[in-house]
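Fold and contact review
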Amino acid sequence: MLSHRSAYVTDTAPGSGALRAARSWLHSDAPSLSLNGLWRFRLSPTAPATEEFAAADFDDSGWDGIPVPSHWVLQGDGAYGRPIYTNVQYPFPIDPPYVPDENPTGDHRRHFDVPADWSDAERIVLRFDGVESVFKVWVNGDEIGSASGSRLAHEFDVTSSVRPGDNVVAVRVHQWSAASYLEDQDQWWLPGVFRDVTLIARPAGGIEDVWLRTGFENGRGRIDAEITAGAEAFPVTLRIPELGVEQVWATAADVVPLAVGDVEPWSAERPRLYDVTVSTAAESIALRAGFRTVEIRGDRFLVNGRRVVFHGMNRHEAHPERGRVFDEAHAREDLARMKRFNVNAIRTSHYPPHPRLLDLADELGFWVILECDLETHGFGDVGWAGNPSDDPAWREAYLDRIRRTVERDKNHPSIVIWSLGNEAGTGANLAAMSAWVHARDTGRPVHYEGDYAGEYTDVYSRMYASVPETEQIGTDGSRAPLMGCTPAQGARQRTKPFLLCEYTHAMGNGPGALDQYEALVHRYPRLHGGFVWEWRDHGILTTTPDGTPYYAYGGDFGEVVHDGNFVMDGMVLSSDVPTPGLHEFKAVVQPVRFAFDGDDVAITNLRHSADTSDLRFIWRAEHEGTLVDSGEMEVPVLAAGESARVPLPRIPVAPDAETWLTVDAVLAAPAAWAGEGHVIATAQLDRSASRPVPEVRRESGWRPSGGTLTLGIAEFVGGSLVRLAGRDVAGPRLELFRAPTDNDKGATEEVDGSDASVPGVSNAELWRRDGLDRLTTRLLSVEQTAGALRTISKVSAANSALSVIVESVWSLVGGELELRVEIEPSRGWRTVWPRIGIRFDLPDGGAPVDGADWFGLGPLESYPDSLRAARTGRFSATIDDLGVDYARPQETGHRSQVRDLTLTSAGAEVLRIVAFPDTRGRRPGFTLSRHTPQQIARAGHPFELPRSETSHLIVDAAQHGLGSRACGPDVWPEFALRPEARTIRLRISAG
Ligand code: GAL
């Protein structure tokens, strides 16, 4: 029997006791005391029946110590339980508002000293910035109150319980509670006191709250101040020293809108902030005001009168060692990284971040959608039966959450939209939240994706809409049905600004098609861009039993239910390394467009409002990747939206090498987030003189061959290559398989215009059914003629009648070894293929192939629908750096459009390969890896990859695109690889 004392655990009411009204998180000079640090801690597997631990004189000397803030499951090396990862599923029975008796409960205690001079304080407040999921507080044995709303701030009035000198605070935290039903976000469940705990002295005559609602119109700033303070606090003075503003309000009644004159506006591009103080005789509050006006005009979302395009990221609080415990230096670096990658917006999925994050967003410059801590997605699995969003019993909890969200962060200029939450179905409680926001803040619109019919929100938002569907939303004349809408509702939605609150799922290798979405934004002004899902992988740094470190995902902690690696879907790896997908994003959304036209280039400034005075335009000319000339272009300063035609530099064109001109827009001076010279936009122009591809020599006089044969550097036995330039080599063999990416494993089928997607069959599954990962070969013939060898093989898989005929011709052309491989599928293949390639296995032999130097696209991996970050040049990389350490090993490392490739061993050249384009001008790509696709496909984590003594080179005539089907659209047809005849033609020489 649970004691009545624990009733708050399953109470839908959001709090009790001396809980105070929500207010801004302010920087005040009133005294405060951080209670962060080491607390005494005891974990119980169930909620203890008694609360004796809360007594002031309770002996906790036998307890462990735990840092606050922290999540107990990330402390003590497993001694306090383990993290659980689920996406939609609830890790407890769906039985609202109840939770199992197996409810890990953490009791925390610490002593603190209240300074003697705090006795003049009018009130003493104890603030918790985040506790997951419900908690109850005692001070000196007095019960203070309880609260839920894990990612929200709660303040308790503890005035009558604290005393000068030694005090003791006790906090009981339960992992599961009624509130857990409202916190079903796709992330780790991480209980604990995970944000700051602070004791605050509130002076008599202080300022309880202040809200500076700023506006910007016609070059002038405006402040509507809302001061919450007792009559005795007045006069209140607002000062903006930089603007010479000093406004004294003698009484509350005097607080009227303030015209502050000429100001520079705040924008994500030029985040101009003005220091403001709001003071009384007793307290001074420091704020940083940014002047901007947010408005919706028709179907446009405008800031300072100009349309905003979100090039955004969904950002969770995730740190590989700390979980959701805030690390300001790490967060600042993360945001600076976003800026370096042309990210201009953040959706705080799916809860308010640590309050300091918003200070950083104001300062560095981001358009922020600030989202409330709310998600009930698991009810979707039971047809939304019992969903709290439409149940009056939960109404107050919903309203409390949105009040705490808006009130805490309302002063931030970076916040331009409030979001009610994520994936909580729909219902009256959400509508009530929206109504509350509308009444409270008329200066910012309300977002909630789940309001499909647009009944109570101001912007139309969707997640993972396909490119064609997004286009239809943007098109005025389109009557195509919209998901979840009647025709009338659809018509209403089309009158609103549209954004993709989530798109291009960045799980594993991908996403593809970023550029297709971006193109729509420039065609249809109703479309305001979107937010990639998501910024970072949430891997938790842990070790295997033998001590090998790795980033854990769902299932790695023995969870009963979990969602595997679906939590590893970021643009940045858990180790902070940006993925190639992020580089692609940067290139796709670059805010300067270059359009080459003859001897000119048209340069367009695509920014919201900033001009290009912060940029320089530098160029370089390269012959086959070697720099031959460089300089700077004279480009007039372009206002936002403006274009100019500029003559291109005259560059030397090589007669016998490719000539490329590269233009970079770079920062002219250091910014807070990048150094001078940081590249924000790039374009390349091929200036090569045309050069014919050498004709294929057709041999004749073929006769059967056997035994051994030497052709230049190649040695064959029975038609099989055994050595190249004296090194053992196996292959080439046909390789049609790639280790499935997370997108290849995605199994949803899109059904545009209906309610989301239906289960289908993944490509990975189809590839296995066709046996692409287990092909066998039958040699049909081996023939030779003077200076040439020809083999024909039939490649097929067990229990399949499908096959591929592979004809390989080795010949000496002017003393150089040439290999031509013709690949010809039989009729009847019905799926897409991951690749059409040939694989060479290069055993170690004492000098392993461990690096590559190539001229082609680089420096990072690229695929047919993710080519924008790649440029033509000469690059080199070690075998380990060629691939990306995705949390679950998968296809990686493909370099497209290679012209020549040198394999190296400890820096020494081993083999040089020249790759010719096919008769349609298509160039092959390559992958160099320590593992075969089959080995990679078998590993669940990097540490599961076997030790390797062989390097594998795959030359691909083609690769399948990436798409983002792990949660979204499959590869666009143009970039899908259908079984087809292909030719690979290489010249191979000794290094
Ligand atoms: C969305 C959800 C996100 C995340 C994503 C898939 O439906 O809002 O939180 O789960 O799918 O990774």
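Residues numbered from 1 in each chain as written. Predicted model: local features only at pLDDT ≥ 70, side-chain atom pairs only at ≥ 80, totals over all residues. Heavy atoms only, no water.

Labelled according to an unreviewed UniProt entry, the chain appears under the name Beta-galactosidase, originating from Planotetraspora kaengkrachanensis. Quoted verbatim from the Catalytic activity (unreviewed entry) heading of the UniProt record, the comment on the chain is "Hydrolysis of terminal non-reducing beta-D-galactose residues in beta-D-galactosides." (UniProt positions renumbered as here; feature names shortened; annotations may be inferred.)

Topic: the site of the ligand
As a structural note, the neighbourhood of the ligand is formed by 13 residues, with D186, H350, E423, E502 and H505 the closest of them. N87 places a polar side-chain atom, nitrogen or oxygen, 3.3 Å from an oxygen atom of the ligand. A distance of 2.5 Å is found between an oxygen atom of the ligand and a side-chain nitrogen or oxygen belonging to D186. Its free accessible area being 300 Å², the ligand has 96% of it covered by the protein chains. Partitioning the shell around the ligand into residue classes produces five nonpolar, four polar and four charged. (Near = heavy atom within 4 Å. Polar contact = N/O pair within 3.5 Å; in protein donor to acceptor, adjacent residues only side chain to side chain. Areas by Shrake-Rupley, 256 points an atom, 1.4 Å probe, with all protein chains shown as cover. Nonpolar A, V, L, I, M, F, W, Y, C, P; charged D, E, K, R; others polar.)

A closer look at the domain arrangement of the chain
Once the domains are mapped, the chain shows domain 1 (7–202), domain 2 (209–282), domain 3 (304–536 + 571–579), domain 4 (590–686) and domain 5 (703–990). Measuring from the centre of the C-alpha atoms in domain 3 to the corresponding centre in domain 4 gives 33 Å. With 10 residues of domain 3 at the interface, the matching set in domain 4 holds 12 residues. In this assembly, domain 3 packs against domain 4 so that about 930 Å² is buried in total across both faces, 59% of it on carbon and sulfur atoms. Looking at the side of domain 3 facing domain 4, the largest losses of area belong to R306, R340 and N342, adding up to 51% of the total buried there. Linking domain 3 with domain 4 are zero salt bridges. At the boundary of domain 3 with domain 4, the tally comes to five residue pairs in polar contact (both at pLDDT 80 or more). If you list the elements that add at least two residues to the side of domain 3 that touches domain 4, you get β26 (306–307) and α1 (328–340). Tallying contributions element by element places α1 first for the side of domain 3 that touches domain 4, with three residues. Classifying every residue of the side of domain 3 that touches domain 4 gives four nonpolar, two polar and four charged. (Domains from an automatic or database assignment. Contact = heavy atoms within 4.5 Å. Buried area = accessible area lost by both parts, 1.4 Å probe. Salt bridge = Lys/Arg side-chain N within 4 Å of Asp/Glu carboxyl O. Helix = DSSP H or I, 4+ residues; strand = E, 2+ residues; numbered from the N terminus.)

Some remarks on the pattern of salt bridges
Within the structure shown, the criterion is met by 93 salt bridges. A salt bridge links R820 to E822, with the nearest nitrogen and oxygen atoms 3.3 Å apart. For R982, the salt bridge identified is with E980, shortest N-O distance 2.8 Å. For E980, a relative accessible area of 26% gives the class partly exposed. Salt bridges here are not isolated pairs; linked through shared partners, they connect R20, R23, R127, D129, E155, R202, E208 and E283. (Buried < 20%, exposed > 50% of the residue type's maximum accessible area, 1.4 Å probe, protein only.)

A short note on the side chain of D451
As for its position among the elements, D451 is in the loop between β31 (446–447) and β32 (460–463). No salt bridge is formed by the buried D451. Its closest oppositely charged neighbour is K496, at 5.2 Å. Within the structure, the side chain of D451 is placed 2.9 Å from the backbone nitrogen of E455, a separation counted as a polar contact. For D451, the contacting residues outside a window of four places in its chain are Y456, T457 and Q493. (Lys, Arg positive; Asp, Glu negative; His and termini not counted.)

Some thoughts on the sheet that holds strand β5 (residues 64–68)
On the basis of which strands lie adjacent, the open sheet formed by seven strands has the order β1-β11-β10-β13-β7-β4-β5 and antiparallel pairing. The open sheet has two edge strands, β1 (15–17) and β5, and neither has a second partner. If you compare each strand with its neighbour and ignore which way they point, the axes differ by 25 degrees on average. (Pairing = 2+ DSSP bridges. Axes fitted to C-alpha atoms, helices over the stretch in contact; angles between N-to-C directions.)

As for the packing of helix α7 (residues 514–523) against helix α8 (residues 580–588)
As a packed pair, α7 and α8 sit with axes 10 Å apart at the nearest point and diverge in direction by 25 degrees. In terms of orientation, α7 lies roughly parallel with respect to α8. Note on packing geometry: the crossing formed by α7 with α8 is right-handed. Facing α7, whose interface residues are L514, D515 and E518, α8 presents G581, E584, F585 and V588. When grouped by side-chain class, the residues that make up the contact of α7 with α8 number three nonpolar, one polar and three charged. (Parallel < 35°, antiparallel > 145°, perpendicular 65-115°, else oblique. Left-handed = near helix turned anticlockwise from the far one by under 90°.)

Quick word on the packing of aromatic side chains
All chains considered together, the criterion is met by 31 aromatic pairs. Aromatic side chains F53 and W63 sit 6.2 Å apart centroid to centroid with 25 degrees between the ring planes, which places their arrangement in the stacked category. Of this pair, F53 sits in the loop between β4 (37–44) and β5 while W63 sits in the loop between β4 and β5, and the two are 10 residues apart along the sequence. We classify F53 as buried; its relative accessible area is 0%. Ring geometry for F135 against F156: centres 5.9 Å apart, planes inclined by 90 degrees, an arrangement best described as edge-to-face. One end of the pair, F135, is in strand β10 (residues 134–139); the other, F156, is in strand β12 (residues 154–157), and 21 residues separate them in sequence. (Phe/Tyr/Trp six-rings, centres within 6.5 Å; stacked < 30°, edge-to-face > 60°.)

Details of the sheet that holds strand β38 (residues 600–605)
Read from one edge to the other, the open sheet built from three strands follows the order β37-β38-β41, with strand pairing classed as antiparallel. Here the strands that pair on one side only, and so sit at the sheet edges, are β37 (592–597) and β41 (643–647). Pairs of neighbouring strands in the sheet enclose a mean axial angle of 25 degrees, with direction left out of account.

What about the state of the cysteines?
If you walk through the whole model with that rule in mind, you get zero disulfides. Considering cysteine sulfurs only, C501 is the nearest to C372, which forms no disulfide, with 15 Å between them. Note on C485: no disulfide assigned, nearest cysteine sulfur contributed by C501 at a separation of 14 Å. You can call C485 buried: its relative accessible area is 16%. (Disulfide = S-S within 2.5 Å.)

Describing α1
Taking 1.5 Å of rise per residue, the 13 residues of α1 would be expected to cover 18 Å, and the 18 Å separating its terminal C-alpha atoms lies within 8% of that figure. Looking only at α1, the buried set comprises H330, A331, D334, L335, A336, R337, M338 and K339. Buried residues along α1 sit against β27 (310–314), β28 (345–347) and α2 (355–364). Within two residues after α1, N342 carries a phi angle of roughly 60 degrees, on the positive side. (Expected span 1.5 Å × (residues − 1).)

As for the pairing of strand β24 (residues 294–297)
In terms of strand pairing, β24 meets strand β25 (residues 300–303) through four bridges, oriented antiparallel. The partner of V294 across the bridge, within β25, is V303. Hairpin connection of β24 to β25: two residues between the antiparallel strands, including G298 at a positive phi of 60 degrees.

Considering the packing of helix α3 (residues 395–409) against helix α4 (residues 428–440)
Interaxial distance between α3 and α4 falls to 9 Å at its minimum, and their mutual angle equals 35 degrees. Note that α3 runs across α4; the crossing there is right-handed. Two secondary-structure elements touch here, α3 through R395, Y398, L399, I402, R403, V406 and E407 and α4 through N429, L430, A432, M433, W436, V437 and R440. The residue makeup of the contact of α3 with α4, split by class, is nine nonpolar, one polar and four charged.

Some words on the pairing of β25
The pairing of β25 with β26 spans two bridges and is classified as antiparallel. Bridging from a neighbouring strand, L302 pairs with R307 of β26. Where β25 folds back onto β26 in an antiparallel hairpin, the turn is made up of two residues, including N304, whose phi is positive at roughly 50 degrees.

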